[in-house]
Amino acid sequence: MEETKQLIIAIDGYSSCGKSTLAKALAKSLNLLFIDTGAMYRAVTLFALQNNLLDSEGQPDSKKLEQMLPAIDVSFDISQSIQNPVILLNGENVQNEIRSVEVNANVSKVAANSLVRKKLVEAQRKLGRTTHVVLDGRDVGTVVFPDATVKLFLTASPDIRAQRRYTELKQTNPSFNGTIEEVKANLLERDHIDTTRADSPLVKAADAIEIDNSDLTMEGQLELALQIIKNKYSQLQK
Ligand code: DC
């Protein structure tokens, strides 16, 4: 009997384009393991903040950060759900802490560090090897899994992204009192750092399918993605 090919869905794109929302919905529909690779970079950033490894500009002290890397364990607790696992930093649930304004402001700089990337990419490949999986991030289709079954590249207009992020921050963080303009400025700054860094910059893979979801509902986006995946996967099984 022919073995079923492992399904790896890579979703890349700019900040706040709804990548995780789509990835979670796909994980639920198709019963896949969901890996939020951004959450992993956020967990390392949280560790760096907690251990004073960043200067006042948010630049990591690369030497200190790299020395501390073996002491940073980032993993996922899948005991409750594979479709929405809980991110752990050295065994502790940091699901909420990694969404703070401080982590938002510093994560792109930490994610630009090559040794941090090397460590997390290795961990992502290990996780992705075990089962059918959907991962979202910036370099999943280009670096982590260049041979992913399906690659999606999400985009949306900066104003819509800022509005979505602002609403999310208001809902999840009661102490948040920033403005939508500040949120947009942070998004654009992160876009700039993510697309211009030397190591694994955010680019659309040549074989990725772009979805602009500015005018799509979540259901519409899910339907479109499922159609793309179905077509691609059935072609591969032939
Ligand atoms: O998806 P997110 O906003 O949670 O990602 C947080 C940051 O981590 C983002 O600024 C870019 C970085 N990141 C990355 O460099 N590579 C990934 N695969 C995922 C995220």
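Source: prediction; values computed, not measured.

Calculation criteria
- Residues numbered from 1 in each chain as written.
- Predicted model: local features only at pLDDT ≥ 70, side-chain atom pairs only at ≥ 80, totals over all residues.
- Heavy atoms only, no water.
- Helix = DSSP H or I, 4+ residues; strand = E, 2+ residues; numbered from the N terminus.
- Rg over C-alpha atoms; globule rule 2.2 N^0.38 Å.
- Buried < 20%, exposed > 50% of the residue type's maximum accessible area, 1.4 Å probe, protein only.
- Lys, Arg positive; Asp, Glu negative; His and termini not counted.
- Charge placed at Lys NZ, Arg CZ, Asp CG, Glu CD.
- Near = heavy atom within 4 Å.
- Polar contact = N/O pair within 3.5 Å; in protein donor to acceptor, adjacent residues only side chain to side chain.
- Areas by Shrake-Rupley, 256 points an atom, 1.4 Å probe, with all protein chains shown as cover.
- Pairing = 2+ DSSP bridges.
- Contact = heavy atoms within 4.5 Å.
- Axes fitted to C-alpha atoms, helices over the stretch in contact; angles between N-to-C directions.
- Salt bridge = Lys/Arg side-chain N within 4 Å of Asp/Glu carboxyl O.
- Expected span 1.5 Å × (residues − 1).
- Arc of directions from axis to C-beta.

1. Observations concerning the overall build of the protein
Then step 1. When you go through the protein residue by residue, the secondary structure sums to 9 helices and 8 strands.
Then step 2. Relative to a compact globule of 238 residues, whose C-alpha radius of gyration would be 18 Å, the protein shows 17 Å and is just as compact.
Then step 3. Principal axes of the C-alpha set define a box for the protein whose edges measure 55 × 40 × 35 Å.
Then step 4. When each of the 238 residues of the protein is scored for burial, the buried share is 47%.
Then step 5. Each charge sign in the protein was given a centre, from 28 positive and 31 negative side chains, and these centres are 3 Å apart.

2. So, the site of the ligand
Then step 1. Close contacts around the ligand come from 15 residues, with Arg42, Ser108, Arg117, Asp139 and Arg197 the closest.
Then step 2. In this structure, a nitrogen atom belonging to the ligand sits 3.0 Å away from a side-chain N or O atom of threonine 37.
Then step 3. Interatomic distance of 2.9 Å between a side-chain N/O atom of arginine 138 and an oxygen atom of the ligand.
Then step 4. Contact with the protein chains covers 96% of the free accessible surface of the ligand, which is 450 Å².

3. What to know about the pairing of strand E7 (residues 150–155)
Then step 1. Most of E7 sits inside the fold, with 6 of its 6 residues counted as buried.
Then step 2. Side-chain alternation along E7 places Val150, Leu152 and Leu154 on one buried face and Lys151, Phe153 and Thr155 on a second face that is also buried.
Then step 3. Across 4 bridges, the pairing between E7 and strand E8 (residues 209–212) is parallel. From the neighbouring strand, leucine 152 faces E8, where its bridge partner is isoleucine 209.

4. Points about the side chain of lysine 151
Then step 1. The topology assignment puts lysine 151 in strand E7.
Then step 2. Not counting residues within four places of it along the chain, the set of residues in contact with lysine 151 comprises Ala10, Gly141, Phe145, Pro146, Ala205, Asp207, Ala208 and Ile209.

5. Topic: the sheet that holds strand E5 (residues 92–93)
Think of a sheet as strands paired side by side through backbone hydrogen bonds, with each pair either parallel or antiparallel.
Then step 1. The 3 strands are arranged E3-E4-E5 in an open sheet whose pairing can be described as antiparallel. Of all strands in the sheet, those bounded by a partner on one side alone are strand E3 (74–77) and E5.
Then step 2. Sheet topology places E3 next to strand E4 (residues 86–89); 4 bridges connect them, and they run antiparallel. Residue phenylalanine 76 lies in a different strand from E4, and its bridge partner there is isoleucine 87.
Then step 3. The strands touched by helix H2 (residues 37–50) are E3 and E4; relative to E4, the strand with the most contacts, the crossing angle is about 35 degrees.

6. Quick notes on the pattern of salt bridges
Then step 1. Enumeration over the complete set of coordinates arrives at 11 salt bridges.
Then step 2. With a closest N to O distance of 2.9 Å, arginine 117 and aspartate 139 form a salt bridge. Placement of arginine 117 in helix H5 (residues 114–128) and of aspartate 139 in the loop between strand E6 (133–137) and helix H6 (140–144) is noted, with a sequence separation of 22 residues between them. Aspartate 139 matches arginine 117 in its accessibility class, with the two residues each being buried.
Then step 3. The closest approach of N and O atoms between lysine 204 and glutamate 210, which form a salt bridge, is 3.4 Å.

7. Some words on the sheet that holds E8
Then step 1. The 5 strands lie next to each other as E2-E6-E1-E7-E8, forming an open sheet whose pairing is parallel. The sheet is open, and its two borders are formed by strand E2 (33–36) and E8, each paired with just one other strand. Each adjacent strand pair in this sheet contributes to an overall mean axis angle of 20 degrees, direction not counted.
Then step 2. Pairing of strand E1 (residues 8–13) with E7, which is carried by 5 bridges, proceeds in the parallel orientation.

8. Some points on helix H4 (residues 101–111)
Then step 1. For H4, the tally of buried residues reaches 8 of 11 residues, placing the bulk of the element in the interior.
Then step 2. Among the residues of H4, Val103, Asn104, Asn106, Val107, Ser108, Lys109, Val110 and Ala111 are the ones counted as buried.
Then step 3. The secondary structure elements touched by the buried residues of H4 are H2, helix H3 (62–68), H5, helix H7 (158–172) and helix H8 (180–196).

9. A closer look at H7
Then step 1. With 15 residues, H7 ought to run about 21 Å at 1.5 Å a step, and its terminal C-alpha atoms sit 21 Å apart, in line with that.
Then step 2. Within H7, burial applies to Arg161, Ala162, Arg165 and Leu169. Along the axis of H7, the buried positions cluster into a sector of 95 degrees, meaning they face one direction only. Turned more than 90 degrees off the buried face of H7, the exposed positions are Asp159 and Gln171.
Then step 3. Where the residues of H7 are buried, they touch H4 and H8.

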